[in-house]
Amino acid sequence: FFLGIAGKVARVMLNFFKPSKEQQQVNDATSSDLLQEDWNAYIAISDDIRIAPDGGRKILRAILKNCQHKDEKISCYSLTLLGSCVSNDDIGRFHDLVATQDTLSTLVKVARRHKSPATREKSLYLIRKWAEAFSSNRAYPIFASTYRKLVRAGCKFPATDNAPVLTPAATSNTNPNAAQDVNTEEKKDPYRNSNTPQYIFKLKTDLTALYTFINTCREMLTPMAFEHKGKKMEGNAVLNRMYRPLLETQSRMNQLIISLDNEELVDISLRLNEEVHLTLEWMTSIEQGKERKALPVLSLPKGLEDLTGSTKEGKDAKGDSKGKDAVEDPPNKDGFAALARRRADD
């Protein structure tokens, strides 16, 4: 009798400690006995995620567990598997699971605390890769925000390749012999992957103009905040004129920060983006009639101060005589009108 009970208890204990079906599948695909990544297993797991009733939640939990494994091969294989599953998710359910605080916190923990340099680098690579891939998708802002926090913390990110995270839609031109435009992405985003002196000068000039615009907005908002204290100003024409370009600027800055490789410009852009966010919050408070301390006028950071009198650099960067005029011209008194014209030209 007692032997029968002991046997049942033993079986229960074995089942308790036995890995789940999903965990065993991930363990087999990321085993340290493998000589290289098992891409056939990765594709099979991606297919299982596509038809899983829970959208792949159990599989994701198993992958994240192995990403934190002390063995370098297991952790690196698991990160590769995770990237493969995200790339092969054509439905979006797995993207929803990955784009959570718990998942990104685990990857940040791996990137900052894992003993293996290769594992840390691979985790940083995924974070940056996803931030770039989902930069225009407003449903997943957590990728970009996680990337920016790590940049602020001083993390050095590895360069990403050109392989798309999301499978691009087929184009109408399927002729393999047809001439391909290799600069399509750069034409779409002129702020992407460039460290030339001309690019740096132009970007610094644009950032200086944005600082001027933010200061103009704050100077206009200060008297409004005091004159209409406690009164709601919903639908105010002046607020509406400032709100839209600031909101568009914030969206643009999020994409810009992700694409930059120049650390000085990343730091300036992060600070500028934060000031845009604070200005938008202040405008919302004024619109709702809430009391809030006025925001100070910004001073140019060191990286942009050299533009105020650098006519020679402007001329060299522009390549013509207009460079000098662009730098020496005094700032327009109506900062909003200046930025509106700039955006209309773009």
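A. Structural context of the overall build of the protein chain. Helix and strand counts for the protein chain come out as 17 helices and zero strands. Among the 346 residues that make up the protein chain, the fraction classed as buried is 40%. Across the protein chain, contacts joining residues at least 24 apart in sequence account for 72% of those joining residues at least 6 apart. Summed over its atoms, the accessible surface of the protein chain is roughly 20700 Å², and 52% of this surface lies on carbon and sulfur atoms.

B. The arrangement of the packing of aromatic side chains in detail. Taken as a whole and assessed by the stated rule, the structure comprises six aromatic pairs. The structure contains a cluster of three or more aromatic residues connected by ring pairs, namely Trp 130, Phe 134, Tyr 140 and Phe 143.

C. Just the nonpolar core, in detail. In terms of nonpolar packing, the biggest core is built from 74 residues, with Leu 82, Phe 94, Trp 130 and Leu 207 touching the most fellow members. If one sorts the elements of this core by residue count, helix H11 (residues 197-227) sits on top with twelve residues. Sequence-distant contacts of Phe 94, that is, excluding residues within four places in its chain, are made with Ile 49, Gly 55, Gly 56, Leu 60, Leu 82, Cys 85, Val 86 and Asp 89.

D. Focus on the side chain of Ser 269. Summarising the element assignment, Ser 269 is placed in helix H13 (residues 263-287). If we ignore the near neighbours within four places in the chain, the residues touching Ser 269 are Leu 207, Met 253, Leu 256, Ile 257 and Leu 260.

E. Looking closely at helix H8 (residues 117-133). In this model, H8 (17 residues) spans 24 Å end to end at C-alpha, consistent with the 24 Å of a helix rising 1.5 Å per residue. Of all the positions in H8, only Thr 119, Ser 123, Leu 124, Leu 126, Ile 127, Arg 128, Lys 129, Trp 130, Ala 131 and Glu 132 are classed as buried. Where H8 is buried, its residues contact helix H4 (57-67), helix H5 (72-87), helix H6 (93-98), helix H7 (101-113), helix H9 (141-152) and helix H12 (237-259).

F. Looking closely at the packing of H12 against H13. The geometry of H12 relative to H13 is characterised by a closest axis approach of 10 Å and an angle of 150 degrees between their N-to-C directions. Our classification of the angle between H12 and H13 gives roughly antiparallel. In this structure, H12 crosses over H13, and the sense of that crossing is left-handed. Contacts between H12 and H13 involve Leu 239, Asn 240, Met 242, Tyr 243, Leu 246, Leu 247, Thr 249, Gln 250, Met 253, Asn 254, Leu 256 and Ile 257 from the first element and Val 266, Ser 269, Leu 270, Leu 272, Asn 273, Val 276, His 277, Thr 279, Leu 280, Met 283, Ile 286 and Glu 287 from the second.

G. Geometry of the packing of helix H2 (residues 21-29) against helix H3 (residues 39-51). Axis separation between H2 and H3 bottoms out at 10 Å; the angle between their running directions is 155 degrees. One way to sum up the angle between H2 and H3 is to call them roughly antiparallel. With respect to the hand of their crossing, H2 and H3 are arranged in left-handed fashion. Here H2 contributes Gln 25, Val 26 and Ala 29 to the contact with H3, which in turn contributes Ala 41, Tyr 42, Ile 45 and Asp 48.

H. Region of the structure containing the pattern of salt bridges. This structure, assessed with the given rule, holds six salt bridges. Asp 206 is the salt-bridge partner of Lys 202, the closest N and O atoms lying 3.1 Å from each other. Taken together, the residues Lys 202 and Asp 206, both in helix H11 and four residues apart, mark about one turn of the helix. Of the residues examined, Lys 202 reaches a relative accessible area of 43% and is grouped as partly exposed. Measuring nitrogen to oxygen at the nearest pair gives 3.0 Å for the salt bridge that ties Arg 271 to Asp 267. Note that Arg 271 and Asp 267 are positioned in helix H13 at a spacing of four residues, about one turn of the helix. Using a relative accessible area of 39% as the deciding quantity, one classes Arg 271 as partly exposed. Asp 267 gets classed as partly exposed once you look at its relative accessible area, which sits at 37%. Because the salt bridges share partners, they merge into one network encompassing Asp 47, Arg 50 and Asp 90.

I. Geometry of the state of the cysteines. Per the counting criterion, the structure on display carries zero disulfides. Distance from the sulfur of Cys 76, which forms no disulfide, to the nearest cysteine sulfur (Cys 67) is 9.5 Å.

Rules of the game
Residues numbered from 1 in each chain as written. Predicted model: local features only at pLDDT ≥ 70, side-chain atom pairs only at ≥ 80, totals over all residues. Heavy atoms only, no water. Helix = DSSP H or I, 4+ residues; strand = E, 2+ residues; numbered from the N terminus. Buried < 20%, exposed > 50% of the residue type's maximum accessible area, 1.4 Å probe, protein only. Contact = heavy atoms within 4.5 Å. Areas by Shrake-Rupley, 256 points an atom, 1.4 Å probe, with all protein chains shown as cover. Phe/Tyr/Trp six-rings, centres within 6.5 Å; stacked < 30°, edge-to-face > 60°. Core = buried A, V, L, I, M, F, W, Y, C linked by side-chain atoms within 4.5 Å. Expected span 1.5 Å × (residues − 1). Axes fitted to C-alpha atoms, helices over the stretch in contact; angles between N-to-C directions. Parallel < 35°, antiparallel > 145°, perpendicular 65-115°, else oblique. Left-handed = near helix turned anticlockwise from the far one by under 90°. Salt bridge = Lys/Arg side-chain N within 4 Å of Asp/Glu carboxyl O. Disulfide = S-S within 2.5 Å.

Taken by themselves, the reported measurements are silent on function.
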